[in-house]
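# What the coordinates show
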Amino acid sequence: MMIDRDYLLKKPDGPSAPKFFLDTTIVPLVANLAGGFEVALDRSARRMGVRSSRILAGAMSLAALGTLCLMRRRGATRHPIATAMKPAACDV
């Protein structure tokens with residue numbers, strides 16, 4: 001069996017359209033956002049005289065607390081369909 005040129009896959013010229021979009025739009029945007037966040041964190045740490053790791057830990061703790069509160073609030077609300085399907089004896 002002979003393998004000729006038509007059998008082999010030919011690589012297209014340049015990257016694919018999704019990879020090109022990712023490399024030229026998304027990656028630079030994420031890098032700029034991360035750099036801006038790092039500069040803001042460093043400036044605020046210098047002004048307050050606190051380590052930047054403590055500011056970051058506090059911000060993450062507040063984010064976790066907010067997420068927990070949202071999840072509890074969302075769990076406490078009942079959907080009309082779920083309430084209609086439950087028997088009346090289960091309602092507390």
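Structure: above.
Residues numbered from 1 in each chain as written. Predicted model: local features only at pLDDT ≥ 70, side-chain atom pairs only at ≥ 80, totals over all residues. Heavy atoms only, no water.

## What about the pattern of salt bridges?
Working definition: two side chains of opposite charge can pair if their charged atoms are close together. Counting across every chain of the model gives 2 salt bridges. With its nearest N and O atoms 3.5 Å apart, the salt bridge here joins Asp 42 to Arg 46. Within this pair, Asp 42 and its partner Arg 46 are both found in helix α1 (residues 17-48), separated by 4 residues, close to a single helical turn. Residue class for Arg 46 comes out exposed when judged on its relative accessible area of 68%. (Salt bridge = Lys/Arg side-chain N within 4 Å of Asp/Glu carboxyl O. Helix = DSSP H or I, 4+ residues; strand = E, 2+ residues; numbered from the N terminus. Buried < 20%, exposed > 50% of the residue type's maximum accessible area, 1.4 Å probe, protein only.)

## Focus on the environment of Asp 42
We classify Asp 42 as partly exposed; its relative accessible area is 34%. Sequence separation between Asp 42 and Ser 52 is 10 residues; the distance between their C-alpha atoms is 6.3 Å.

## With respect to a nonpolar patch on the surface
Where nonpolar side chains cluster on the molecular surface, the patch consists of Phe 21, Leu 22, Ile 26, Val 27 and Val 30 and spans about 430 Å² of accessible area. Inspection of the secondary structure assignment puts Val 30 in helix α1. (Patch = residues over 30% accessible without salt bridge, like charges linked within 9 Å, V, L, I, M, F, W, Y side chains within 5 Å. Areas by Shrake-Rupley, 256 points an atom, 1.4 Å probe, with all protein chains shown as cover.)

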